[in-house]
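Geometric and topological summary
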Amino acid sequence: MDEQKKRGLLIVVEGIDGTGKSSQVKMLADALRSIGEDALQDREPSDGPFGKILRASMTEGRFSPDAELEMFHKDRRQHVNDVILPALEAGTHVVLDRYYFSTMAYQGANGFDVAELRETNESFAPAPDILFILDLDVDQALERIGTRGDEANEFEQRDALQFCRDVFLSVKDESYARVIDSSPSIETIHAEMLKLALAEIH
Ligand SMILES: Nc1ncnc2c1ncn2[C@@H]1O[C@H](COP(=O)(O)OP(=O)(O)O)[C@@H](O)[C@H]1O
Ligand SMILES: Cc1cn([C@H]2C[C@H](O)[C@@H](COP(=O)(O)OP(=O)(O)O)O2)c(=O)[nH]c1=O
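Since the model is a prediction, treat every value here as computed from it, not as a measurement.

For Asp-135, the location among the structural elements is in strand 4 (residues 130-135). Here the side chain of Asp-135 touches Arg-165 through a polar contact of 2.7 Å, side chain to side chain. Once residues lying within four places of it in the same chain are set aside, the contact partners of Asp-135 are Arg-165, Leu-169, Val-179, Ile-180, Asp-181 and Ser-182.

Below, the structure written as structure tokens:
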């Protein structure tokens, strides 16, 4: 009997802007493929139709908070059904840059109830097999993304990012969560994440 193909792992990378998510997701997916694992690198907002609308709105003008939240949920439903679940069932690991924890954080900072956001998302989106929480002091993160905007904008941005950092850390005790200090070098962080991912895969 041919061996049942093992289901892929959903590996999620979260953290505030500037913690190194995009860098780490690419390095981890590349490293897994280099050792013969099937791995898909992906992101939310996704590259699907609703994700494209959301990304365009970041520069062309934001939706109202309610409309934006609905669009994130539409994007995630389509992404889960058409991309994530099929890949996992085919035995492919999905290494994801942002997921519903970012909804809890950023739409939570926008006034929505964080617990409700989690409940709504977990009613249709599978929990991750591993969640890497890239953690970094907000001021260090702002240094990295180089946005030293005008004073008012900076305080507002800093407060929102602190709220987001606290939301990400609020799930650190879940069995699938791994908090990663993001102040060391990119290579040091990558080595730690790869080791933790391989421990779950094998
Ligand atoms: N561990 C790190 N140490 C120093 N700089 C980093 C580190 N990780 C990422 N960076 C830099 O910070 C910036 C944001 O990285 P990026 O991967 O885009 O983060 P994110 O996707 O979380 O916003 C980039 O210029 C990147 O080179
Ligand atoms: C996935 C997701 C992202 N976002 C926000 C976080 C980012 O500011 C923005 C775009 O995501 P992204 O392209 O990852 O921006 P960045 O490179 O700055 O991380 O969308 C939400 O507000 N809610 C969500 O559910």
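The next point concerns helix 2 (residues 49-60). Across its 12 residues, helix 2 extends 16 Å between first and last C-alpha, which sits within 8% of the 16 Å expected from 1.5 Å per residue. All buried positions along helix 2 are accounted for by Gly-51, Leu-54 and Ser-57. Along helix 2, the residues classed as buried sweep out an arc of 120 degrees about the axis, all on the same side. Among the exposed residues of helix 2, those pointing more than 90 degrees away from its buried face are Lys-52, Thr-59 and Glu-60. Packing partners of the buried residues in helix 2 comprise helix 3 (65-89). Among the residues trailing helix 2, Gly-61 stands out with phi positive, at a value near 130 degrees.

A complete count under the given rule lists 1 cavity of 30 Å³ or more for this structure. Within this model, the largest cavity holds a volume of roughly 30 Å³. Contributing to the lining of the largest cavity are Ile-16, Thr-19, Ile-133, Leu-134, Asp-135, Leu-136, Arg-165, Phe-168 and Leu-169. Those elements that place two or more of their residues in the lining of the largest cavity are strand 4 and helix 7 (151-169).

What follows concerns unusual backbone geometry. With an omega dihedral of -5 degrees, the bond running from Glu-44 to Pro-45 counts as a cis peptide bond. You will see that Arg-98, though not glycine, has its phi angle at about 80 degrees, which is positive. Locating Arg-98 in the fold gives a position in the loop between strand 3 (93-97) and helix 4 (100-109).

Close to ligand 1 lie 14 residues, the nearest being Gly-18, Lys-21, Ser-22, Ser-23 and Pro-184. Contact between ligand 1 and Arg-144: a nitrogen atom at 3.3 Å from a side-chain N or O atom of the residue. Pro-184 places a polar main-chain atom, nitrogen or oxygen, 2.9 Å from a nitrogen atom of ligand 1. Protein burial of ligand 1: of its 560 Å² of free accessible surface, 67% is covered by the chains. The set of elements that each furnish at least two residues to the shell around ligand 1 consists of helix 1 (21-34) and helix 8 (186-201). The element contributing the most residues to the shell around ligand 1 is helix 1, with 3 residues. Here the shell around ligand 1 is built from residues that sort into 4 nonpolar, 7 polar and 3 charged.

Cut-off values and rules
Residues numbered from 1 in each chain as written. Chains lettered and ligands numbered in written order. Predicted model: local features only at pLDDT ≥ 70, side-chain atom pairs only at ≥ 80, totals over all residues. Heavy atoms only, no water. Helix = DSSP H or I, 4+ residues; strand = E, 2+ residues; numbered from the N terminus. Polar contact = N/O pair within 3.5 Å; in protein donor to acceptor, adjacent residues only side chain to side chain. Contact = heavy atoms within 4.5 Å. Expected span 1.5 Å × (residues − 1). Buried < 20%, exposed > 50% of the residue type's maximum accessible area, 1.4 Å probe, protein only. Arc of directions from axis to C-beta. 1 Å grid on protein atoms, 1.4 Å probe; cavity = no way out; pocket = protein on both sides within 12 Å on 5 of 7 lines; lining within 4 Å. Points joined across faces, edges and corners; volume = space filled by probe spheres on them. Near = heavy atom within 4 Å. Areas by Shrake-Rupley, 256 points an atom, 1.4 Å probe, with all protein chains shown as cover. Nonpolar A, V, L, I, M, F, W, Y, C, P; charged D, E, K, R; others polar.

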